[in-house]
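Okay, here's what each chain looks like letter by letter:
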Amino acid sequence: PSTRMITAVIDSTTNLLGLPPFAPLILTIDNIPRQWYDTKKNNNNNMTYNYERLADLEEYTNRLFQKYLLPSSNSLHRKIHILPSLKHMHIAGSVMKGLQLLEVHYP
């Protein structure tokens, strides 16, 4: 899984007026809904397809960690927080997770 789109979005934040250059960025990664990988067969009768999607999500998360976890690997020199979820939280749960991080570490 490519991180090209996320990289483009992060790089584009330099164009946002009023955003301080060292403002933290929070990336949340929502897990795949359990029913998507618990089903026995998908439309192609392929039992491993949904587990492969879960493996792809794991690889994508690892690529983001490798690219943005260390400040030296971050071309913008800003703190990028990557918050993966162990369960499917929907967008509201992901936003709450990010807001809780802000509340605790950036009061």
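Rules used throughout
- Residues numbered from 1 in each chain as written.
- Predicted model: local features only at pLDDT ≥ 70, side-chain atom pairs only at ≥ 80, totals over all residues.
- Heavy atoms only, no water.
- Helix = DSSP H or I, 4+ residues; strand = E, 2+ residues; numbered from the N terminus.
- Expected span 1.5 Å × (residues − 1).
- Buried < 20%, exposed > 50% of the residue type's maximum accessible area, 1.4 Å probe, protein only.
- Arc of directions from axis to C-beta.
- Contact = heavy atoms within 4.5 Å.
- Pairing = 2+ DSSP bridges.
- Core = buried A, V, L, I, M, F, W, Y, C linked by side-chain atoms within 4.5 Å.
- Salt bridge = Lys/Arg side-chain N within 4 Å of Asp/Glu carboxyl O.
- Patch = residues over 30% accessible without salt bridge, like charges linked within 9 Å, V, L, I, M, F, W, Y side chains within 5 Å.
- Areas by Shrake-Rupley, 256 points an atom, 1.4 Å probe, with all protein chains shown as cover.

## Some details on helix α4 (residues 90-105)
- The end-to-end C-alpha distance of α4, which contains 16 residues, comes to 23 Å, matching closely the 22 Å that a straight helix rising 1.5 Å per residue would cover.
- When α4 is considered as a whole, its buried residues turn out to be G93, S94, G98 and L101. On an axial view of α4, the arc spanned by its buried residues comes to 135°, and they lie on one face. Every exposed residue of α4 that faces more than 90 degrees away from the buried side is listed here: A92 and E103.
- Along its buried surface, α4 packs onto β1 (25-29) and β2 (80-84).

## Brief notes about the environment of T61
- Tracing the backbone shows T61 in helix α3 (residues 49-68).
- Between the alpha carbons of T61 and I29 there is a distance of 7.5 Å; along the sequence they are 32 residues apart.
- Contact partners of T61, with chain neighbours within four places excluded, come to I29 and P84.

## Side note on the pairing of β1
- Burial of the side chains of β1 is restricted to one face: L25, L27 and I29 are buried, whereas none of I26 and T28 on the reverse face is.
- Where β1 and β2 come together, 5 bridges link them in parallel fashion. Within β2, the position partnered with T28 by the bridge is L83.

## Section: the nonpolar core
- Among the nonpolar cores identified, the biggest contains 11 residues, and these are I10, L25, L27, I29, I32, L57, Y60, L64, Y68, I80 and I82.
- Among the elements of the structure, β1, α3 and β2 are those that each provide at least two residues to this core.
- The biggest single contributor to this core is α3, with 4 residues.

## Here we look at the pattern of salt bridges
- Overall, the coordinates contain 1 salt bridge when judged by the stated rule.
- Between E59 and R63 there is a salt bridge; the shortest N-O distance is 2.4 Å. Of this pair, E59 and R63 both sit in helix α3, 4 residues apart, roughly one helical turn.

## Quick look at unusual backbone geometry
- Residues other than glycine seldom take positive phi values, yet H90 does so here, at roughly 65°.
- With respect to the secondary-structure elements, H90 resides in helix α4.

## Comments concerning the environment of L27
- With respect to the element layout, L27 can be found in strand β1.
- On a C-alpha basis, the gap between L27 and L64 in space is 9.3 Å, while along the polypeptide they are 37 residues apart.

## Digging into a nonpolar patch on the surface
- A contiguous nonpolar surface patch, about 560 Å² in accessible area, is contributed by I91, V95, M96, L99, L102 and Y106.
- Structurally, M96 is set in helix α4.
- M96 gets classed as partly exposed once you look at its relative accessible area, which sits at 46%.

Don't take any of this as a statement about function, it's just geometry.
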